[in-house]
Amino acid sequence: MLKVAEFDDGTTVSEVDVQFMELSEIQQLMDRLQSELLLLAKEKKVLSTLPSCKKNQKTLKRLTKISTRLISIQEAVCWISRIKKNKRDTMAKEKAWLYSFYKYAQENLRQKQFDKFVKQTNIKMQYTIG
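Okay, so let's go over this structure.

How each quantity is defined
- Residues numbered from 1 in each chain as written.
- Predicted model: local features only at pLDDT ≥ 70, side-chain atom pairs only at ≥ 80, totals over all residues.
- Heavy atoms only, no water.
- Salt bridge = Lys/Arg side-chain N within 4 Å of Asp/Glu carboxyl O.
- Helix = DSSP H or I, 4+ residues; strand = E, 2+ residues; numbered from the N terminus.
- Buried < 20%, exposed > 50% of the residue type's maximum accessible area, 1.4 Å probe, protein only.
- Axes fitted to C-alpha atoms, helices over the stretch in contact; angles between N-to-C directions.
- Parallel < 35°, antiparallel > 145°, perpendicular 65-115°, else oblique.
- Left-handed = near helix turned anticlockwise from the far one by under 90°.
- Nonpolar A, V, L, I, M, F, W, Y, C, P; charged D, E, K, R; others polar.
- Core = buried A, V, L, I, M, F, W, Y, C linked by side-chain atoms within 4.5 Å.
- Contact = heavy atoms within 4.5 Å.

### A few points about the pattern of salt bridges
Piece 1. Scanning the entire structure with this criterion turns up five salt bridges.
Piece 2. The salt bridge partner of arginine 69 is aspartate 8, with a shortest N-O separation of 3.4 Å. You can see arginine 69 sitting in helix H3 (residues 57–108) and its partner aspartate 8 sitting in the loop between strand S1 (4–6) and strand S2 (12–14), a full 61 residues away along the chain.
Piece 3. We classify arginine 69 as buried; its relative accessible area is 17%.

Laid out in structure tokens, this is it:
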């Protein structure tokens, strides 16, 4: 089953969308969800602490709607966090692999050829690593 996060402004983000996002985009999404959670929690607290004489059918419906929304956002935070963790783990493995490759190339290529590869990489990336 495809998981979807819905926002108050009507936008939706699916599990597939999140998997194609960069880590920075996922963090922005998480920040947006966290701010929604905070607002809903504050609103729920206000409604929950109303005296019983001020609680009517309308406020109880609103409280139920807020509780349902809180649950759905918390579920979205959970599955988005799992995707974010997997991406971070994958990036760490790739970084370790590339570092190992770099060290192996440095040790086994002729110095002139290695320097040429490093220079070409620096040109392509438009920055150098000290």
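### Quick word on the packing of helix H2 (residues 23–48) against H3
Piece 1. Interaxial distance between H2 and H3 falls to 9 Å at its minimum, and their mutual angle equals 155°. Between H2 and H3, the interaxial angle falls into the category roughly antiparallel. Helix-helix and strand crossings are classified by hand; for H2 and H3 the assignment is left-handed.
Piece 2. A per-class count over the contact of H2 with H3 returns 18 nonpolar, seven polar and eight charged.

### Topic: the nonpolar core
Piece 1. Within the largest apolar cluster, 21 residues are counted, with the highest numbers of intra-cluster contacts made by Val18, Ile26, Leu29, Leu33, Trp79 and Ile80.
Piece 2. Those elements that provide at least two residues to this core are H2 and H3.
Piece 3. At nine residues, the largest contribution of residues to this core is made by H3.
Piece 4. Once you skip the residues sitting within four places of it in the chain, leucine 33 turns out to touch Phe7, Ile73, Ala76, Val77 and Ile80.

From the geometry alone we can't say anything about function, so treat these as descriptive.
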